[in-house]
Amino acid sequence: MARTHGSKAEITGPLIRDAARRLFARHGYAAVSMRQISAEVGLQVGALYAYTPDKQTLLADLLRGHMQDLLAEWPDDPGQPALARLDGFLRFHIATSLERPEAVFLAYMELRSLTPENRREIAALRRRYEDGLEAILTAGEAEGSMTVPDRRLTAMALIAMLTGVTNWYREGGRLDRDHVTAIYRDLVFGAVGA
């Protein structure tokens, strides 16, 4: 008979990561204890260490997973015109940011809480993501469809602007996602002189 459920580790590990992500986003990494995380999942604190050696490793794993997911899921097609690629990037970034606001918050606000080694690793992953956007801007300038004063600064500014949607957007609010995306598209295209 085939098993239909995952092992306890396959179930508990993700529950721990979800609880930690939620608590870190709500209270901040420094304010959350392993005891709080274990209580949130319904484990004894000692049992938590069977899944992660410490809180720092847990944070690094969350940030690493978020960035790796972004890099793996981003559907960039270098064969497309740069403006189409930029449109794809902004749609992807807004959608993933709104679907995973806690992960986005941690990726930007808790980088400072990582050890230097972990910070370097996560910063390198972030740089790959930023480099992808910068490559689109470079292609746009080469095609003559974009004009940017500084590609690196523009890429970082665009990501910050698009990520900011998580701070104010609410489902059922004045604007739906499609309207928000259309407005952001106009803002982004204007920022690159398109």
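Structure first, text after, so check above.
Residues numbered from 1 in each chain as written. Predicted model: local features only at pLDDT ≥ 70, side-chain atom pairs only at ≥ 80, totals over all residues. Heavy atoms only, no water.

1. Section: the overall build of the protein chain
Counting secondary structure elements, the protein chain contains ten helices and zero strands. Tracing the protein chain from N to C terminus, the helices and strands come up as α-α-α-α-α-α-α-α-α-α. Projected onto its principal axes, the C-alpha positions of the protein chain cover 60 × 40 × 40 Å. The burial tally for the protein chain puts 43% of its 194 residues in the buried class. Here the protein chain contributes 24 positive and 25 negative side-chain charges, whose respective centroids are spaced 6 Å apart. (Helix = DSSP H or I, 4+ residues; strand = E, 2+ residues; numbered from the N terminus. Buried < 20%, exposed > 50% of the residue type's maximum accessible area, 1.4 Å probe, protein only. Lys, Arg positive; Asp, Glu negative; His and termini not counted. Charge placed at Lys NZ, Arg CZ, Asp CG, Glu CD.)

2. Structural notes on the layout of surface pockets
Approximately 250 Å³ is the volume attributed to the largest pocket. Lining the largest pocket are 15 residues, with Val-104, Phe-105, Tyr-108, Thr-163 and Thr-166 sitting closest to its centre. Taken together, the elements giving at least two residues each to the lining of the largest pocket come down to α6 (101-109), α7 (116-143), α8 (151-163) and α9 (165-168). Looking at the lining of the largest pocket, the element that brings in the most residues is α6, giving six residues. Split into classes, the residues belonging to the lining of the largest pocket amount to eight nonpolar, four polar and three charged. As for the second largest pocket, its lining consists of Arg-17, Asp-18, Arg-21, Asp-61, Leu-62, Gly-65, His-66, Asp-69, Arg-100 and Ala-103. (1 Å grid on protein atoms, 1.4 Å probe; cavity = no way out; pocket = protein on both sides within 12 Å on 5 of 7 lines; lining within 4 Å. Points joined across faces, edges and corners; volume = space filled by probe spheres on them. Nonpolar A, V, L, I, M, F, W, Y, C, P; charged D, E, K, R; others polar.)

3. Overview of the environment of Ala-124
You can see Ala-124 is positioned in helix α7. Taking the relative accessible area as the measure of exposure, Ala-124 reaches 43% and is therefore partly exposed. Here the alpha-carbon distance between Ala-124 and Arg-185, two residues 61 residues apart in the chain, equals 27 Å.

4. A word on the pattern of salt bridges
A side chain with one charge can pair with a side chain of the opposite charge if their charged atoms come near. Summed over the entire model, instances satisfying the criterion amount to 15 salt bridges. Across the pair Arg-112 and Glu-110 runs a salt bridge, and its minimum N-O distance is 3.8 Å. Judged by its relative accessible area of 57%, Arg-112 is exposed. A salt bridge links Arg-151 to Glu-141, with the nearest nitrogen and oxygen atoms 2.5 Å apart. With Arg-151 in helix α8 and Glu-141 in helix α7, this residue pair connects regions lying ten residues apart in the sequence. (Salt bridge = Lys/Arg side-chain N within 4 Å of Asp/Glu carboxyl O.)

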